[in-house]
Amino acid sequence: MADIWTLVSFGPEGWSDEIAAGTVVTVSLALATLPLGLLIGFFLALAKKSEEATLRIAANIYTTIFRGMPELLTLFIVYFGVQILLREISALFTDEPIEINSFLAGMIALGVVFSSYASEVFLSAFRGINQGQYEGAWALGLSRFSTMRLVILPQLIRLALPGLSNLWLILLKDTALVSVIGLSDVLRQSGIAARVTKEAFLFFGIACLIYLTLSIISSLGITWIEAWSKRGEARR
Amino acid sequence: MTVDVERPPATARRGWTGSRITGYASLGLWIAFGFSLVWYVIVSFDIAFMTKYGPRFLSGFLVTAQLVVISIVIGAAISVPIAFGRMSRNRIIGGLSFAYVYFFRGTPLLAQTFLVYYGAGSFVAELKAAGLWWFFRDPFNCAVFTFSLNTSAYQAEILRGAILNVGRGQTEAAAALGMKPFPIFWKVVLPQALIVSLRPYGNEIILMIKGSAIASIVTVFDLMGETRRAFSRTFDFQTYLWAAVLYLMTVETLRRIWDRLEARLTRHLRRESD
């Protein structure tokens, strides 16, 4: 049995460089999914608080579906479903099969799930903003877009931040699922290391510790962002 | 002299506004999607497929139900000492239970499952010596083991939050009536705490149903596992659609039952005028 310290070292005998590369993939997947999920979630929240009943129903169907399905199932449906769809479409033009890459499939699936939860967070944040804010902005002659950008959004972010930080931590953990469809993230890389070296407990333990470290770093970042978002508030 | 005052636009606007067009378009899209789904299922309906995989889906569904029920119950039992550990004034006990909760909430369930299922293989000799190898050899047991520990961490936080939520005055008033600490907890604090924690408990059960799909990756043939097996043999995409329908129906039914239950149990808190 090889020495444990050789196994976890960097270099040809050790696995740390592979696992570090996996960590980069995990973090980039989460970071790439975040803006997608936030954007869709925000527009879903707008739709849910719209006066137009059809818009509300359509948005609610979306959330019911993607909050009710296991993330793993959503991932498979996106991965295989889009693959089949692309194959049908591309068959019209070329004979070459198109493969959807697992990073993109993961991004879409996790983004869709994230957005359906984020829409609820945004919706309750919208409810926390007084109607007087809209009326005040109107009295100042701001357009609807400027009202949203200058008056509502800054307050919305502050109200939505705790909920969104929770969703970020969940997203970070959910990226592990994408390893199942072949993305070389932390979990997959440590899985390979575990299989090759027969030290499963060691390497999956390392993977868990990396996720823990990532969430600790995130918590620190979130604390900082929360302080930043409250900079305009009066001290009490 | 009169001043023209511009008024805010009336709330309900008529005609084809942008949001109305988007609303009809998106709802129309969903309806079209629903119809094409039904159409797809009718067109690709195959009696051989149904008779072969229908019962398997059912047995997978039962495995999922077992996984969830056993894990939630065992998790609830483990969560009680951990919740008290978290509230303990003893720093070692408090620190240890904090670390436990932080570990299970801060790492992916999939990584934990791998750690237990494959990690147990690293300790075959020790586990055999302890007479526990038969337990960890079976993927179903490993999944139940991991899920129970995982949900116990979440449930401990729910329980702790709910107990801390009950006002201090309740305990003091009960003490003033001469009640002993245990009856105070059992008859005064806990009933109020459980009502507060109904909603988070419901959410945790739903999360567990969804999370249990992970067991399929360590070769447990739950609903997701049966789906994956059927897909790998037939390459028929409707397997995934059926699984989606089953999961959605389960979660929605549970959510609705839970809403009813909560409304019923909190009916004494509602005012007549509401």
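Enquirer: An account of the overall build of chain B is requested, with residue identities and associated values reported.
Expert: Along chain B, the regular secondary structure elements total 12 helices and 0 strands. Put simply, chain B runs from its N terminus to its C terminus through helices and strands in the order α-α-α-α-α-α-α-α-α-α-α-α. For chain B, whose C-alpha radius of gyration is 26 Å, the value lies well above the compact-globule estimate of 19 Å for 274 residues. Out of the 274 residues belonging to chain B, those deemed buried represent 41%. Within chain B, residue pairs in contact and separated by at least 24 positions form 74% of the contacts whose partners lie at least 6 positions apart. When the accessible surface of chain B is summed, it comes to about 16200 Å², and 66% of that surface belongs to carbon and sulfur atoms. Averaged over its 28 positive side-chain charges, chain B has a centre that lies 5 Å from the centre of its 16 negative ones.

Enquirer: Got a sec to walk through the packing of aromatic side chains? Specific residues and values, please.
Expert: Counted according to the given criterion, the structure contains 28 aromatic pairs over all chains. Note on Phe42 of chain A and Phe126 of chain A: the rings are 6.1 Å apart at their centroids and 35 degrees apart in plane angle, and the pair reads as tilted. Separated by 84 residues along the polypeptide, Phe42 of chain A in helix α2 (residues 16-48) and Phe126 of chain A in helix α5 (residues 102-127) bring together distant segments of the chain. For Phe42 of chain A, a relative accessible area of 14% puts it in the buried group. The exposure class assigned to Phe126 of chain A is buried, which follows from its relative accessible area of 4%. Ring centres of Tyr100 of chain B and Phe104 of chain B lie 4.8 Å apart, and the angle between their planes is 55 degrees; this geometry places the pair in the tilted category. Placement of the pair is Tyr100 of chain B and Phe104 of chain B together in helix α3 (residues 91-106), with a separation of 4 residues, close to one helical turn. Judged by its relative accessible area of 10%, Phe104 of chain B falls in the buried class. Taking the ring centre of Phe126 of chain A as reference, the NZ or CZ of Lys49 of chain A above it sits at 4.8 Å.

Enquirer: Kindly report on the interface of chain A and chain B, identifying the contributing residues and their values.
Expert: Contacts between the two partners involve 44 residues from chain A and, on the opposite side, 47 residues from chain B. Of the roughly 3900 Å² buried at the junction of chain A and chain B (both faces included), carbon and sulfur atoms supply 77%. When residues of chain A are sorted by the area they lose upon contact with chain B, Trp138, Lys173 and Phe201 of chain A head the list and together hold 15% of the total. Those elements that provide at least two residues to the side of chain A that touches chain B are α3 (53-68), α4 (71-93), α7 (144-174) and α9 (200-229) of chain A.

Enquirer: So, the side chain of Ser179 of chain A: which residues are in play, and what are the values?
Expert: When you line up the elements, Ser179 of chain A lands in the loop between α7 and α8 (186-197). One polar contact links the side chain of Ser179 of chain A to the main-chain carbonyl oxygen of Ala176 of chain A, over a distance of 2.6 Å.

Enquirer: Go over helix α6 (residues 131-139) of chain A with me, naming the residues and quoting the values.
Expert: With a side-chain oxygen positioned 3.1 Å from the backbone nitrogen of Gly132 of chain A, the residue opening α6 of chain A is Asn130 of chain A. Looking one or two places after α6 of chain A, you find Gly141 of chain A, whose phi comes out positive at around 85 degrees.

Enquirer: Go over the packing of helix α2 (residues 47-87) of chain B against helix α11 (residues 223-234) of chain B with me, naming the residues and quoting the values.
Expert: All names here are of chain B. Contact geometry of α2 with α11 gives a least axis separation of 7 Å together with a crossing angle of 155 degrees. Between α2 and α11, the interaxial angle falls into the category roughly antiparallel. Here Phe49, Tyr53, Arg56, Phe57, Ser59, Gly60, Phe61 and Thr64 of α2 lie close against α11, whose contacting residues are Leu223, Glu226, Thr227, Ala230, Arg233 and Thr234.

Enquirer: If you had to explain the confidence of the model for chain A to someone new, which residues and values would you point to?
Expert: Put simply, chain A has an average pLDDT of 90, and 96% of its residues get 70 or more. Per-element mean pLDDT across chain A ranges from 75 in helix α1 (residues 4-7) of chain A up to 95 in α5 of chain A.

Enquirer: Which residues make up the environment of Gly121 of chain B, and what are the values?
Expert: Mapped onto the elements of the fold, Gly121 of chain B is located in the loop between α4 (109-117) and α5 (124-130). Through-space distance from the C-alpha of Gly121 of chain B to that of Gly225 of chain B is 22 Å; in sequence the pair is 104 residues apart.

Enquirer: Before we move on, could you go through the pattern of salt bridges and cite the residues and values that matter?
Expert: All names here are of chain B. Under the criterion given, the structure shown has 11 salt bridges over all chains. One salt bridge in this structure joins Arg86 and Glu157, with 2.9 Å as the shortest N-O distance. Here Arg86, found in helix α2, pairs with Glu157, found in helix α7 (residues 139-165); they are 71 residues apart in sequence, far enough to count as distant. With respect to burial, Arg86 and Glu157 carry one shared label: buried. The partner of Glu172 in a salt bridge is Arg168, with the nearest N and O atoms 3.2 Å apart. Of this pair, Glu172 and Arg168 both sit in helix α8 (residues 168-176), 4 residues apart, which is roughly one turn of the helix.

Enquirer: Break down the nonpolar core for me, with residues and values.
Expert: Met69, Leu73, Phe122 and Leu187 of chain A together with Met224 and Tyr240 of chain B are the most contacted members of the largest nonpolar core, which has 121 residues in total. Broken down by element, this core gets its largest block of residues, 11 residues, from α7 of chain B. In this structure, Val116, Ala120, Leu127 and Phe136 of chain B belong to the second largest nonpolar core, which totals 6 residues.

Enquirer: Can you lay out the side chain of Ser97 of chain B for me, pointing to particular residues and giving the numbers?
Expert: Residue and element names in this part refer to chain B. Within the fold, Ser97 resides in helix α3. Among the residues examined, Ser97 registers a relative accessible area of 7% and is labelled buried. Looking at Ser97, its side chain comes within polar contact range of the main-chain nitrogen of Arg86, at 3.3 Å. The residues contacting Ser97, other than those within four sequence positions of it, are Ile82, Gly85 and Arg86.

Rules of the game
Residues numbered from 1 in each chain as written. Chains lettered and ligands numbered in written order. Predicted model: local features only at pLDDT ≥ 70, side-chain atom pairs only at ≥ 80, totals over all residues. Heavy atoms only, no water. Helix = DSSP H or I, 4+ residues; strand = E, 2+ residues; numbered from the N terminus. Rg over C-alpha atoms; globule rule 2.2 N^0.38 Å. Buried < 20%, exposed > 50% of the residue type's maximum accessible area, 1.4 Å probe, protein only. Contact = heavy atoms within 4.5 Å. Areas by Shrake-Rupley, 256 points an atom, 1.4 Å probe, with all protein chains shown as cover. Lys, Arg positive; Asp, Glu negative; His and termini not counted. Charge placed at Lys NZ, Arg CZ, Asp CG, Glu CD. Phe/Tyr/Trp six-rings, centres within 6.5 Å; stacked < 30°, edge-to-face > 60°. Lys NZ or Arg CZ within 6 Å of the ring centre and 35° of its normal. Buried area = accessible area lost by both parts, 1.4 Å probe. Polar contact = N/O pair within 3.5 Å; in protein donor to acceptor, adjacent residues only side chain to side chain. Axes fitted to C-alpha atoms, helices over the stretch in contact; angles between N-to-C directions. Parallel < 35°, antiparallel > 145°, perpendicular 65-115°, else oblique. pLDDT = per-residue confidence, 0-100. Salt bridge = Lys/Arg side-chain N within 4 Å of Asp/Glu carboxyl O. Core = buried A, V, L, I, M, F, W, Y, C linked by side-chain atoms within 4.5 Å.

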